[in-house]
Amino acid sequence: MNWLNLAMRSVWNRRSTAVLTLLMVALSLALLLTVDRVRQDTRASFANTLSGTDLIVGGRTGGLNLLLYSVFRIGNATNNISWQTYQDIVANDAVAWTIPFSLGDSHQGYRVLGTNNDYFEHYQYGRRQPLSIREGRNFEAVYDVVLGSEVAKALDYHLGDPVVIAHGLGSTSFDLHDDKPFHVVGILAPTGTPVDRTLHIPLEGMTAIHVDWAAGVRIPGFHISADEALEMDLTPDTVTAVLVGMKSRIQALAFQRRINEYRAEPLSAIIPGATLAELWQMIGIAENALIAISGLVVVTGLLGMVTVILAGLNERRREMAILRALGARPGHILGLLMIESGFYGVLGLALGLLLHWALIAIAALWVQPAYGIQLTLALPTGPLFFVLLLVVVLSILVGLWPGWKAYRRSLSDGLTVST
């Protein structure tokens, strides 16, 4: 007798219940897979955003806040750095290079970053990958703008298109620097980092659009045209933060201490990798809680599967009795129900993987533009692979319980069940 074929025919005869049971198992496994994938991809996206930078210097604030607004464009700076302080940092013998930048303005919800050409020369992401221009060139004139790849794609911008910067960070702003439009001169290649969602302008351009502004508002009755601004000294008074590369990494800790004790103004200096590790430590509890909840959902799915099989035993008493009457041994009945429960586990895992990939593919359309987290489709590896293997094994073993219940039912009890 082909017990596998018999088990599948039995499942097919109860296909409505079987489909719901499969969905229950598949959904629970899809939740576990999706939570783990989002966790891994979030860590990878954050870790790949910046590399090769030894220190980040900003106004006195918490280390996490400095990391978030300077690297990930999340939140706002509490204080700026004076230009004189920036010059002191540049002049230090231990410093190999610096990247100053100013934040605070936006364009249709995308951040605008004022910097200089050191940004394109020294900024690195991933495994020390430099930025590259996909189209055009770096900015040279005051009113040039270089777009991140996502900005250009989402807004359908091309070389030569005008861009009007808005004051502030809202997606909709009525305070526009429309008297000083910029023009697209370059589009960066995709990086999978916040760089893709950023518009890059010269520091002088950032200064030019604010020469007739004070305290965040346009000065009433005072206006300086774009051409008049070009005749002015556009050296910025302040910058938001500075990325610093040291000549020797051994000097980074000493220089960090010197910056944190800087007397001219209150500053904070952080080591990106160490601060990022602090961030993971903080959110690790939440990650573990989500994984634990997902695991409980999987356990609940397995228990639900056993419950469905047990509930169906009363309807199958005659089926089991007939099999016993035809010569089926107790081990055959046990194996039949273990095959059935294993079927739910194996096929539920396959459906769970497909559902997980569908969820990731759909979520990536929203998560990537909104948060810069690149969600990937991948097979489970490492500990998760063994967890899923354990789930399949458990799905087979839990068939022992209903199998034992079926074994204990007597032949005569099964044959006398009314129809």
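Up top you'll find the structure we're talking about.
Residues numbered from 1 in each chain as written. Predicted model: local features only at pLDDT ≥ 70, side-chain atom pairs only at ≥ 80, totals over all residues. Heavy atoms only, no water.

Right, let's get into the pairing of strand β8 (residues 144-147). Burial along β8 is two-sided: D144 and V146 facing one way and V145 and L147 facing the other are all buried. With four bridges joining them, β8 and strand β11 (residues 182-188) adopt parallel strand pairing. By the bridge assignment, V146 is partnered in β11 with G186. Across two bridges, β8 lies against strand β12 (residues 198-202) in antiparallel orientation. Paired with V146 across the strands is H200, a residue of β12. (Buried < 20%, exposed > 50% of the residue type's maximum accessible area, 1.4 Å probe, protein only. Helix = DSSP H or I, 4+ residues; strand = E, 2+ residues; numbered from the N terminus. Pairing = 2+ DSSP bridges.)

This part takes up a nonpolar patch on the surface. A surface patch of nonpolar side chains, about 720 Å² in accessible area, is lined by F385, F386, L389, L390, V393, L394, L397 and L400. Take the nonpolar patch: its biggest share by element is seven residues, from helix α13 (residues 383-397). Residue placement: L397 occurs in helix α13. When its relative accessible area of 41% is taken as the criterion, L397 is described as partly exposed. (Patch = residues over 30% accessible without salt bridge, like charges linked within 9 Å, V, L, I, M, F, W, Y side chains within 5 Å. Areas by Shrake-Rupley, 256 points an atom, 1.4 Å probe, with all protein chains shown as cover. Salt bridge = Lys/Arg side-chain N within 4 Å of Asp/Glu carboxyl O.)

With that settled, consider helix α3 (residues 63-71). When we look at burial in α3, the residues that qualify are L64, L66, L67, Y69, S70 and V71. Positive phi shows up at R73, right after α3, with a value of about 60°.

A few words on the environment of D175. Mapped onto the secondary structure, D175 falls in the loop between β10 (166-167) and β11. In the structure, D175 is positioned 41 residues away from G216 in sequence and 9.6 Å away in space, judged by C-alpha atoms. With near-sequence residues (within four places) excluded, D175 lies in contact with A166, H167 and W213. (Contact = heavy atoms within 4.5 Å.)

Attention shifts here to unusual backbone geometry. Phi angles above zero are rare outside glycine, and Q108 is one such case at about 50°. By the element assignment, Q108 lies in the loop between β3 (95-107) and β4 (110-115). Positive phi, close to 55°, is recorded for R128, a residue that is not glycine. Locating R128 in the fold gives a position in the loop between β5 (124-125) and β6 (129-130). Exposure remark for R128: the relative accessible area of 45% places this residue in the partly exposed category.

What follows is about the environment of V239. Its location among the elements puts V239 in strand β15 (residues 238-239). Residue V239 is classed as buried on the basis of its relative accessible area of 1%. Sequence separation between V239 and T115 is 124 residues; the distance between their C-alpha atoms is 8.9 Å. Discounting residues that sit within four places of it in the chain, V239 has contacts with N80, I81, W83, Y86, P100, F101, S102 and L203.

Okay, the pattern of salt bridges next. Within this structure, the stated rule accounts for 10 salt bridges. Of the charged contacts in the structure, one is a salt bridge between D179 and K180, with a shortest N-O distance of 2.7 Å. You'll find D179 and K180 in the same group, each marked buried. Linked through salt bridges whose partners overlap, the residues forming this network are D179, K180, D212 and R218.

Our next topic: the nonpolar core. Across soluble globular proteins, you tend to see nonpolar side chains buried next to one another. Within the largest apolar cluster, 34 residues are counted, with the highest numbers of intra-cluster contacts made by F46, I56, L67, Y119, Y123, L243 and L276. Contributing elements (two or more residues each) for this core: α3, β3, α5 (118-122), β11, β16 (241-246), α10 (272-313) and α12 (330-371). Here L276 is in contact with F46, A47, L67 and F72, once residues within four sequence places are set aside. In terms of nonpolar packing, the next biggest core, distinct from the first, is built from 25 residues, A152, I209, I224 and A229 among them. (Core = buried A, V, L, I, M, F, W, Y, C linked by side-chain atoms within 4.5 Å.)

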